[in-house]
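Inside the fold
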Amino acid sequence: MSPARAYATARRVLTQLRHDPRTVALMLVVPCALLALLRGVLSQQQFDATSPIMLGIFPFVTLFVVTSVATLRERTSGTLERLLTTRMGKADLLAGYALAFGLTGTVQSGLASALTLGVLRSSVPGHAVLLVLLAVLDALLGMALGLLVSAFSATEFQAVQFMPALVLPQVLLCGLFAPRSGMTAGLRWLSDVLPLSYAADGLQRLATSQPVGHDVVADLLIVTGSVVAALCLAASTLRRQTR
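Conventions used here
Residues numbered from 1 in each chain as written. Predicted model: local features only at pLDDT ≥ 70, side-chain atom pairs only at ≥ 80, totals over all residues. Heavy atoms only, no water. Helix = DSSP H or I, 4+ residues; strand = E, 2+ residues; numbered from the N terminus. Rg over C-alpha atoms; globule rule 2.2 N^0.38 Å. Buried < 20%, exposed > 50% of the residue type's maximum accessible area, 1.4 Å probe, protein only. Contact = heavy atoms within 4.5 Å. Areas by Shrake-Rupley, 256 points an atom, 1.4 Å probe, with all protein chains shown as cover. Core = buried A, V, L, I, M, F, W, Y, C linked by side-chain atoms within 4.5 Å. Phe/Tyr/Trp six-rings, centres within 6.5 Å; stacked < 30°, edge-to-face > 60°. Lys NZ or Arg CZ within 6 Å of the ring centre and 35° of its normal. Salt bridge = Lys/Arg side-chain N within 4 Å of Asp/Glu carboxyl O. Axes fitted to C-alpha atoms, helices over the stretch in contact; angles between N-to-C directions. Parallel < 35°, antiparallel > 145°, perpendicular 65-115°, else oblique. Left-handed = near helix turned anticlockwise from the far one by under 90°. Nonpolar A, V, L, I, M, F, W, Y, C, P; charged D, E, K, R; others polar. Patch = residues over 30% accessible without salt bridge, like charges linked within 9 Å, V, L, I, M, F, W, Y side chains within 5 Å. Expected span 1.5 Å × (residues − 1). Polar contact = N/O pair within 3.5 Å; in protein donor to acceptor, adjacent residues only side chain to side chain.

1. Some points on the overall build of the chain
Of the regular secondary structure elements, the chain holds 11 helices and zero strands. Starting at the N terminus and walking to the C terminus, you meet the elements of the chain as α-α-α-α-α-α-α-α-α-α-α. The globule rule puts the C-alpha radius of gyration for 243 residues at 18 Å, and the 18 Å found for the chain is close to it. If one aligns the C-alpha atoms of the chain with their principal axes, the spans along those axes are about 60 × 40 × 35 Å. Expressed as a percentage of its 243 residues, the buried residues of the chain come to 47%. Sequence separation of at least 24 residues holds for 80% of the intrachain contacts in the chain that already meet a minimum separation of 6. Here the chain displays about 11,800 Å² of accessible surface, and carbon together with sulfur accounts for 67% of that area.

2. Overview of the nonpolar core
Of all hydrophobic cores here, the largest spans 54 residues; its most connected members are Leu35, Ile57, Phe101 and Met143. Residues within four places of Ile57 in sequence aside, it is in contact with Val171, Cys174, Leu176 and Leu196.

3. A short note on the environment of Ser236
Assignment of secondary structure puts Ser236 in helix H11 (residues 214-236). Taking the C-alpha atoms as reference, Ser236 lies 8.8 Å from Leu148; in sequence the two are 88 residues apart.

4. As for the packing of aromatic side chains
Inspection of the entire model under this criterion finds zero aromatic pairs. Taking NZ or CZ as reference, Arg180 lies 5.8 Å from the ring centre of Tyr198, over its face.

5. Quick word on the pattern of salt bridges
Pairing is possible between side chains of opposite charge, provided their charged atoms come close. Counted by the stated rule, this structure contains four salt bridges. Asp201 is paired through a salt bridge with Arg180; the nearest N and O atoms lie 2.5 Å apart. Note that Asp201 is positioned in helix H10 (residues 195-206) and Arg180 in the loop between helix H8 (163-173) and helix H9 (185-192), a separation of 21 residues in sequence. Among the residues examined, Arg180 registers a relative accessible area of 8% and is labelled buried. The partner of Asp219 in a salt bridge is Arg205, with the nearest N and O atoms 2.4 Å apart. Here Arg205 lies in helix H10 and Asp219 lies in helix H11, a separation of 14 residues in the sequence. A residue is classified by how much of its surface remains accessible, and Asp219, at 4% relative accessible area, is buried. The exposure class of Arg205 is partly exposed, given its relative accessible area of 33%.

6. Brief notes about the packing of helix H3 (residues 44-77) against helix H6 (residues 128-149)
One can describe the packing of H3 onto H6 by two numbers: an axis separation of 7 Å at closest approach and a directional angle of 30°. In terms of orientation, H3 lies roughly parallel with respect to H6. Classified by chirality, the crossing of H6 by H3 is right-handed. Contacts between H3 and H6 involve Leu55, Gly56, Pro59, Phe60, Leu63, Phe64, Thr67, Ser68, Thr71 and Arg75 from the first element and Leu131, Ala135, Asp138, Ala139, Leu141, Gly142, Met143, Leu145, Gly146, Leu147 and Val149 from the second. Of the residues that constitute the contact of H3 with H6, the class distribution is 13 nonpolar, six polar and two charged.

7. Some thoughts on a nonpolar patch on the surface
There is a patch of nonpolar side chains on the surface, built from Leu26, Val30, Leu34, Leu37 and Val41 and spanning about 410 Å² of accessible area. For Leu37, the position within the fold is in helix H2 (residues 21-41). According to the relative accessible area criterion, Leu37 is exposed, its value standing at 54%.

8. What about helix H5 (residues 90-119)?
When the terminal C-alpha atoms of H5 are compared, their 42 Å separation across 30 residues agrees well with the 44 Å that a helix rising 1.5 Å per residue should span. One or two positions beyond H5, positive phi appears at Arg121, with a value near 55°.

9. With respect to the side chain of Ser68
Here Ser68 lies in helix H3. A polar atom in the side chain of Ser68 sits 2.8 Å from the backbone oxygen of Phe64.

10. Observations concerning the packing of H5 against H6
Relative orientation of the contacting elements H5 and H6 amounts to 135°, with a least axis distance of 8 Å. The angle between the axes of H5 and H6 places the two elements in the oblique class. As for the relative orientation of H5 and H6, their crossing is right-handed in sense. Counting all contacts with H5, which are made through Leu94, Tyr97, Ala98, Phe101, Gly102, Gly105, Thr106, Ser109, Ser113 and Leu117, the residues of H6 involved are Ala128, Val132, Ala135, Val136, Ala139, Leu140, Met143 and Leu147.

Listed below in structure tokens is the structure:
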């Protein structure tokens, strides 16, 4: 992998995002607005219980949508194919995407965390730095899945249609709406194989004042491993064409 080519890819992606104000608003403004709306709907106690998980769900969902649509545009326009006929390798492309969207995910998570912990006064006495780190990992997971599903879509509408199949089940079964321990055996098994469940568990644990234990470390490792696995699967969908 060439750091220079990866940086060039990240710079190109960030430049494209900068010239798309609607996408920037989707990634940075909408999550904060939804958190403020959620605070108005819920009581302070309810908001304190749900806000840590939402800090992970918002980056996951938005990066999935943005990455799947943006990558599909490059696939259908032939940009990816042209890049892969040059010295640009798969690792360079994926590292560039991870760098670009990891940076935007960090900004998004930082803004959402500042709003939640500051303006909205969510009582989260735990480890704020690790909380944001896990939220960024969620963003990278959404990015990797977005890269993957773009290979199986012919239009942007088809890419968005993958949300009910890959995103919504994870949101429903991660423990946001009901404790995972109270689910039926089949749903609990399905929840156990979905990476967002471990992100939600980790975010809830980090939101407490308890010391960081092996459970939190395991959650971080599982989410990180899921990101790597998804990126490897996404790399398998990139085909270098020869002339």
